[in-house]
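Secondary and tertiary structure notes
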Amino acid sequence: MLLGRRARGLVLTGALLIIVSYYYFHLLESHSQSNQNNFEASPRPTWNGKPDDIVTPAASLPQKSWTHTVQESTPLRKPTPVPSTSTTLTTSGASTTRALLSLPTRTAEENDVKTPKVSTSDVLLIFKTGASTIWKRMPLHLTTTLSNGRFPNIVVYSDLEEPLSSNILSVDVLANVSEVIKSYDRPAYDSYQELRNPQGINTYREYSLLPGDESTAVLPGSPPGWRLDRYKFIPMLTHAQQNWPDLKWYIYIEDDSFLFIDNLLDYLSDLSPDAAPAYYGAYSGDGNDTFAQGGSGIVFSRSLMRSVFGGKKVPTLEEYGNYTSNSCCGDIVLGKVLRDHGIFVNERTYGTASLRPEPPWRTGFDTSMWCEKVFSFHHLHQRDLVELDLFDKTAKRPAIFRDVYERFIAQHIGVGERTGWDNFATKYEVTSNTTTVPLALSVESDRPALQAAFETPKACKGACHALKDCLGWRHDSAKKICRLDAVAKLGRETSPQPKWEEKTIITSGWMVERIEERLIGDRCDGKGS
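Residues numbered from 1 in each chain as written. Predicted model: local features only at pLDDT ≥ 70, side-chain atom pairs only at ≥ 80, totals over all residues. Heavy atoms only, no water.

**Comments concerning the sheet that holds strand E15 (residues 428–430)**
Here 5 strands make up an open sheet; going across it, the order is E13-E19-E16-E17-E15 and the pairing antiparallel. Each edge of the sheet is formed by a strand with only one pairing partner; in this case those strands are strand E13 (417–419) and E15. Looking at each pair of strands side by side, their axes are set apart by 15 degrees on average, direction ignored. Pairing analysis gives 5 bridges linking strand E16 (residues 472–476) to strand E19 (residues 506–510), with the strands arranged antiparallel. Considered in E19, the bridge of Arg474 is made with Ser508. On the sheet, helix H17 (residues 457–466) packs against E13, E16, strand E17 (481–485) and E19 and is oriented at approximately 155 degrees with respect to E16. (Pairing = 2+ DSSP bridges. Helix = DSSP H or I, 4+ residues; strand = E, 2+ residues; numbered from the N terminus. Axes fitted to C-alpha atoms, helices over the stretch in contact; angles between N-to-C directions. Contact = heavy atoms within 4.5 Å.)

Here it is, written out as structure tokens:
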């Protein structure tokens, strides 16, 4: 009896020890994992492209370890290579623990609405700039587009290597192709070499009306930056593919553009990066000469980047040098390269209207895009960039064109008419002997008003009133031209006229009641989410 009790006691004691050991083992393992917070980002790969290797930008900077402390309000993410330099990311276990404890949690409903299926870690953000604009345009992107480390993968391409911040260095994407440029376009080559002239140490190419600005008379003709810009596209995308080969999407943007990134990522979530090679942008050109306008932003799929710029026969600037030197712009050259590979913008369709090649004040608002999400605007001044960033960050729903109109346009159009103002109405034109207004758009009793539209601003306004789809009108007093449009477009103050031109007064106006009825009346409830 006594022996049986002792045996049972030993069994129970052994079981208890096993349970206690199992508990402490997992407790120690959990504690060990919570303190593994030191990571070293892999160094940025160098370009093994043609004809030479691009020197890694970090090599020209003093080698140092950039330390980033994870703040309590910053969600943790896996460290990724910073495009401009090799970076060591160091965090302390204590600060990491506090960050984890302080992170806000989202409900399932909020995650469905606010978190796109494609995230910024899935894309490479490509900025194109140049020595003549980088210091005038890029610094504000550091506090708007690139603020808070939102994009893990970024690269800034230019025609001169310069440190933009402590951890972003622009890549001179023309470094290995300057001799090719020289053989096809000597003025562009001279512009490129002038950027490296040691005499220009205190010469700034910003044209900001400050002491030290480079003279606009240097190299008469096209501005030096514009001459070089068209040569950047082929080496730029080749470099991007070879350094970031496995990302889902490659988003190209210029230094005077603003991107509503959440809207764009949401759009890309419905597309496959590994389907047939494709690229998306603002449709331009005719027939078989179509391309995507660069300033609006262009999105390239992973399959396109791999097949064209990572394939067996990568296009080179030498191959397209003659075509490039005779083209005005790099986006046209890019369109040619991609068409030669059987790839057309927006898969041979007009595509989305959400990538805009103009600023909000030049956008024509109509019913077709009124409730659509906006992806980008182009040709922006620095004030525009900040205002759009604030608008995007404070919006109660994903930004749609109606909300942009309400925020930036409505109050100015509401006056009805402005003298010394150009709203760029263009759809129809009426002069003393011609009209492009289709007769089917007007009733017979209104045709005399249309025929007299060119005479005065009042007559031009009357013609717009007679044309049922007209939302805006524009009258030129010297040329005696009335132009009418079916979109609501704000425009801007007229520019000073050259002395040799006949003096004219431009008067513009809008059909305010029609705009309120056809556009503003649609509040797009539930359409912007």
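Next comes the rest of the write-up.
**Regarding the packing of helix H8 (residues 233–243) against helix H12 (residues 330–340)**
For the pair H8 and H12, interaxial distance at closest approach is 9 Å and the crossing angle is 65 degrees. Across the interface between the two elements, Phe233, Ile234 and Leu237 of H8 pack against Gly330, Asp331, Val333, Leu334 and Val337 of H12. Among the residues forming the contact of H8 with H12, the class breakdown is 6 nonpolar, 1 polar and 1 charged. (Nonpolar A, V, L, I, M, F, W, Y, C, P; charged D, E, K, R; others polar.)

**Examining the packing of helix H13 (residues 382–394) against helix H14 (residues 401–408)**
Running from N to C, H13 and H14 point in directions that differ by 125 degrees, and their axes come no closer than 12 Å. Here H13 is positioned oblique relative to H14, judged by the angle of their axes. For the pair H13 and H14, the sense of crossing is right-handed. Between H13 and H14, the contacting residues are Glu387, Leu388, Phe391 and Thr394 on the first element and Asp403, Val404, Arg407 and Phe408 on the second. Among the residues making up the contact of H13 with H14, the classes are represented as 4 nonpolar, 1 polar and 3 charged. (Parallel < 35°, antiparallel > 145°, perpendicular 65-115°, else oblique. Left-handed = near helix turned anticlockwise from the far one by under 90°.)

**Structural notes on the packing of aromatic side chains**
According to the stated counting rule, one finds 14 aromatic pairs in the structure shown. Between Phe260 and Phe377, the ring centres sit 6.3 Å apart and the planes meet at 75 degrees, which makes this aromatic pair edge-to-face. With a gap of 117 residues between them, Phe260 in the loop between strand E7 (258–259) and helix H9 (261–268) and Phe377 in strand E12 (residues 376–377) connect regions that are remote in the sequence. As far as the burial class goes, Phe260 and Phe377 line up, both buried. (Phe/Tyr/Trp six-rings, centres within 6.5 Å; stacked < 30°, edge-to-face > 60°. Buried < 20%, exposed > 50% of the residue type's maximum accessible area, 1.4 Å probe, protein only.)

**A word on H17**
Of the positions making up H17, those classed as buried are Ala459, Cys460, Ala463, Cys464 and Ala466. Considered in projection along H17, the buried side chains sweep an arc of 160 degrees and stay on one side of the axis. For H17, exposure combined with an orientation more than 90 degrees from the buried face picks out Lys458 and His465. Buried-residue contacts for H17 involve helix H16 (447–451), E16, E17 and helix H18 (512–520). (Arc of directions from axis to C-beta.)

**Details of the sheet that holds strand E6 (residues 249–254)**
Pairing within the open sheet is mixed, and its 6 strands lie in the order E5-E2-E1-E6-E11-E8. Edge strands, defined here as strands with exactly one partner in the open sheet, are strand E5 (171–172) and strand E8 (279–280). Of the pairings in the sheet, the one linking strand E2 (residues 154–158) to E5 comprises 2 bridges and is parallel in character. Bridging across to E5, Ser158 finds its partner in Asp172. Helix-sheet contacts for H8 involve strand E1 (123–128), E2, E5, E6 and strand E11 (298–301), and the interaxial angle to E1 is about 150 degrees.

**Regarding unusual backbone geometry**
For Asn148, which is not a glycine, the phi torsion comes out positive at approximately 60 degrees. The backbone of Lys480 shows a phi angle near 55 degrees, a positive value even though the residue is not glycine. Mapped onto the fold, Lys480 is located in the loop between E16 and E17.

**Remarks on the pattern of salt bridges**
Under the defined criterion, the tally for this structure stands at 22 salt bridges. We note a salt bridge from Lys313 to Glu319, for which the minimum N-O separation is 3.5 Å. Its salt-bridge partner being Arg474, residue Asp422 comes within 2.7 Å of it at the nearest N-O pair. Of the two residues, Asp422 sits in strand E14 (residues 421–422) while Arg474 sits in strand E16, which places them 52 residues apart along the sequence. (Salt bridge = Lys/Arg side-chain N within 4 Å of Asp/Glu carboxyl O.)

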